[in-house]
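Listed below, chain by chain, are the residues.
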Amino acid sequence: MARVLVLGGGAAGLVAAWRAASLGYRVVLVEGNTRLGLKLRISGGGKCNLTHEGSPVELLSAFAKVQARFLRPAVHAFPPEAVRAFFRDRGVETYVRENGRVFPLDRPESAAEVLRALERAVREVGVEIRVGVRAEGLVSEGQGLSALRMEDGRRLEAEAFILATGGASYPQTGTRGEVLDWLKGLGLPVHPWVPALAPIPLVRPRPAWEGVALRGGTLVLRAGAGGRHLDARPGDLLFTRTGLSGPAALALSQLVERSRREGPAWLAYQPAGTDPETLDAALVELAHREPRLGVRTWLHRFLPERLCEALIREQGLASDQRVQGLERAQRRALAALAAALPLGEPGPVDLAKGEVAAGGLALGAVDPRTLQVRGWTNLRVCGELLDVDGPVGGYNLQAAFSTGFLAGSISPGSS
Ligand SMILES: Cc1cc2nc3c(=O)[nH]c(=O)nc-3n(C[C@H](O)[C@H](O)[C@H](O)COP(=O)(O)OP(=O)(O)OC[C@H]3O[C@@H](n4cnc5c(N)ncnc54)[C@H](O)[C@@H]3O)c2cc1C
């Protein structure tokens, strides 16, 4: 049968190649690195959170509505249960953590086991693997592709093409994002890459607070200091030398970068889940009820010890200041701090440091039932190259596996 060329040997490309070859197509898988699946190998801190437990509907509810609608046929074709069965059949047992995240059974290097299972799968069905040469461009003929232009000057021809070149983060894993420009060159609508699931740098970081974690609160994004509320994400936050990391920062990073590009942006963390007025009233009452209560002890109810010390100093208060002796303005300032700790202006979020890159080929340009690019008879796209990005938790690999599966499901007569 026809020759199918899959470009990109990551999660989506490996599954697409396996699926197309299983259906009887002659498949060539081309990967620019000398090894397959470099990003997969480092996923989940080397443990690989390969999917998220749940029905297709539950899984899709974690994505933005437009993306969920687009992904529906792919996720139904290759749902989380099928992904787990695929790996189980190849010797990789998985388990579900309390938070629904699915991992291979705990062993060092379990991400490498996931990759090895995929490599075995493509070899078993006879996929021809070519590594170590990057593609440099697409050669089109009318409304179809005829070849890939390779960096060594050769052209690789095929009857059908599946592009699975990933996003643009972690370029050291081979994802440089240039294929999006090629698609734009074909006249297709693309959305530029935007960092997502990335740490957030601060214009004025707090290196002295490096390693301090704020737990159980909400990270809030505002349009400038004192500006209107733009968005928020619940979760823990971690101070780094240059800014913020941890689940809340990763989850909000894409919105932070998009807002930053539009105008002023400002971050605060709400540890208490209460407004300053309520906290101020509580302080007034405490001053009577617990006259010996120290400001530091009170603030420590909301914030870690290391921060309290510094914040009290910054307020010009003595470290043994009691709640009872506070002036009104001092009391209000403390209540405001405990209600929403100001973190300041975010700096540019680094695309390279995101777990994924948002943006990609606009979903309207692709038929969600086949992943064929509309108007391009022999071109399919899958994985992170599509404008799809999910939260942390196994959603992005599941999206890559599902779209890879659907892109490789070429029915005879179509391409
Ligand atoms: C540090 C880190 C941890 C992560 N952990 C998780 C996790 O635990 N769970 C989860 O769900 N998601 C995780 N992700 C996200 C997930 O890894 C990606 O969403 C997923 O790998 C995307 O799959 P893909 O096949 O589309 O792209 P990739 O896996 O990135 O594969 C694309 C491949 O295409 C190749 N390529 C690109 N351009 C060319 C070219 N011009 N010529 C030849 N080859 C080319 C690249 O070298 C690469 O190998 C993590 C990401 C990172 C960076």
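Residues numbered from 1 in each chain as written. Predicted model: local features only at pLDDT ≥ 70, side-chain atom pairs only at ≥ 80, totals over all residues. Heavy atoms only, no water.

Student: Tell me about the overall build of the protein, and name the residues and values.
Tutor: A count of helices and strands for the protein gives 13 helices and 21 strands. Once the C-alpha set of the protein is aligned to its principal axes, its extents read approximately 85 × 45 × 35 Å. Within the span of the protein, comprising 415 residues, buried residues form 53% of the whole. Considering only contacts within the protein whose residues lie at least 6 apart along the sequence, 71% involve residues at least 24 apart. Counting 50 positive and 43 negative side-chain charges, the protein places the averaged centre of each group 1 Å from the other. (Helix = DSSP H or I, 4+ residues; strand = E, 2+ residues; numbered from the N terminus. Buried < 20%, exposed > 50% of the residue type's maximum accessible area, 1.4 Å probe, protein only. Contact = heavy atoms within 4.5 Å. Lys, Arg positive; Asp, Glu negative; His and termini not counted. Charge placed at Lys NZ, Arg CZ, Asp CG, Glu CD.)

Student: How would you sum up the domain arrangement of the protein? Please name residues and give values.
Tutor: Each domain of the protein was delimited in the assignment, giving domain 1 (3-196 + 354-408) and domain 2 (199-349). The C-alpha-based centres of domain 1 and domain 2 are spaced at 40 Å. Every contact between the two is made by seven residues of domain 1 and, on the other side, seven residues of domain 2. Three residues, V194, P195 and A196, lead the burial of domain 1 against domain 2; their summed loss comes to 67% of the area buried on that side. Linking domain 1 with domain 2 are zero salt bridges, by the criterion used here. Here the element with the most residues in the side of domain 1 that touches domain 2 is strand β11 (residues 190-196); it accounts for four residues. A per-class count over the side of domain 1 that touches domain 2 returns six nonpolar, no polar and one charged. (Domains from an automatic or database assignment. Buried area = accessible area lost by both parts, 1.4 Å probe. Salt bridge = Lys/Arg side-chain N within 4 Å of Asp/Glu carboxyl O. Nonpolar A, V, L, I, M, F, W, Y, C, P; charged D, E, K, R; others polar.)

Student: For the environment of P201, give the residues involved together with the corresponding values.
Tutor: As for its position among the elements, P201 is in strand β12 (residues 200-201). Each C-alpha atom, one on P201 and one on A117, is 37 Å from the other, the two residues being 84 residues apart in sequence. Filtering out sequence-adjacent residues up to four positions away, P201 remains in contact with T242, G243, P346, G347, P348 and V349.

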